[in-house]
Amino acid sequence: MVRVGLKRDILEMENRQATANRRYFDRRRIVAFNLIGSPGCGKTSLIEAAHRRFPKGFRLAVIEGDLASDKDARRLRKLKIPVVQVNTGRGCHLTPRMIAAAARKLPLEKAGLLIIENIGNLVCPVNFDLGETAKVGVLSVAEGDDKPEKYPLLFREASVLLLNKLDLLPGSDFSRRAFLAAVKKINPGLPVIEVSCRTGEGTREWAEWIKSQAEASRRKWEGNSGKAVR
Ligand SMILES: Nc1nc2c(ncn2[C@@H]2O[C@H](COP(=O)(O)OP(=O)(O)OP(=O)(O)O)[C@@H](O)[C@H]2O)c(=O)[nH]1
Ligand SMILES: [Mg+2]
């Protein structure tokens, strides 16, 4: 009983922090995306690919989540993207408190867009609201077309789904048809963008999706005539 109560209290505390994060981002007019997918599905590559597609002056900042190392942060610094690396040690997901601390280290006043790369994991990160504008699901061809049915949570919660590593389709047993049908069954309205960071295919659509979301948020904020929303 005590343990259940403690778990509930911690979750409530995390949810309160997520709400505070959302207010923090809204006040600064920051659109924040929470990138979720398995280790190695291409999350960092997709950030790099989107950045290359953005027009000059499009301001992006990143929070990088990994159990250990600053390898991904170093990749992004090479592109001159402001980035904070968060190491969770044993933690399988980022928490709202980690995001609050990391966000304060970034020049967010100058960035219109924040991408949070969550820990490589198809399950745990989905359960935690970080205060993001939207969750972006990532799956790669190499992981197999059966993942929506086996791990439905992310496919239910995401606002967009990226299918990466399209270049690996030839010679693989991944069925696009079966995959798209399974996704549709779980979340009929979920937009799917098919991408290859290797060949560049679909990366324009991915960058366009980000820009359209940023534009939608800007319109919402203008509609609220300068007041903080939510
Ligand atoms: N063939 C192919 N390889 C890719 C593609 N995108 C990424 N990769 C490779 O996949 C590996 C993992 O890519 P990352 O971008 O580091 O993946 P990640 O999801 O950020 O990985 P973690 O942060 O460790 O969870 C790297 O070797 C990339 O070069 C793609 O579209 N096609
Ligand atoms: Mg990465």
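Definitions and limits used
- Residues numbered from 1 in each chain as written.
- Chains lettered and ligands numbered in written order.
- Predicted model: local features only at pLDDT ≥ 70, side-chain atom pairs only at ≥ 80, totals over all residues.
- Heavy atoms only, no water.
- Helix = DSSP H or I, 4+ residues; strand = E, 2+ residues; numbered from the N terminus.
- Rg over C-alpha atoms; globule rule 2.2 N^0.38 Å.
- Buried < 20%, exposed > 50% of the residue type's maximum accessible area, 1.4 Å probe, protein only.
- 1 Å grid on protein atoms, 1.4 Å probe; cavity = no way out; pocket = protein on both sides within 12 Å on 5 of 7 lines; lining within 4 Å.
- Points joined across faces, edges and corners; volume = space filled by probe spheres on them.
- Nonpolar A, V, L, I, M, F, W, Y, C, P; charged D, E, K, R; others polar.
- Donors = N, O, S within 2.8 Å, 3.2 Å for Na, K, Ca; no water.

Peer 1: It is not clear to me how the overall build of the protein chain should be interpreted in this structure. Could you clarify?
Peer 2: Helix and strand counts for the protein chain stand at 8 helices and 7 strands. Against the globule reference of 17 Å for 230 residues, the protein chain gives a C-alpha radius of gyration of 17 Å, in line with a compact fold. Taken over the C-alpha atoms alone, the protein chain extends approximately 55 × 50 × 40 Å along its principal axes. Within the protein chain, buried positions represent 48% of all 230 residues.

Peer 1: Would you explain the layout of surface pockets in this entry?
Peer 2: The method is simple in principle: a probe with the dimensions of a water molecule rolls over the atoms, and the space it marks as empty is what remains. Counted as a void, the largest pocket has a volume near 250 Å³. In terms of lining, the largest pocket is formed by 17 residues, of which the most central are Phe-58, Arg-59, Gly-112, Leu-113 and Ala-214. Considered class by class, the residues forming the lining of the largest pocket number 7 nonpolar, 2 polar and 8 charged.

Peer 1: What is the right way to read the coordination of the magnesium ion (ligand 2) from this model?
Peer 2: Tetrahedral coordination by four donors sets the ideal angle at the metal to 109.5 degrees; octahedral coordination by six donors sets it to 90 or 180 degrees. Surrounding the magnesium ion (ligand 2) are the protein donor atoms Thr-44 (OG1), Asp-72 (OD) and Glu-117 (OE), at 2.0 to 2.2 Å. For the magnesium ion (ligand 2), all donor residues lie on one chain, and their spacing in sequence is T-x27-D-x44-E. Of this pair, Asp-72 sits in helix H3 (residues 71-78) while Glu-117 sits in strand E4 (residues 113-117); the two residues are 45 residues apart in sequence, bridging distant segments of the chain. With respect to burial, Asp-72 and Glu-117 carry one shared label: buried.

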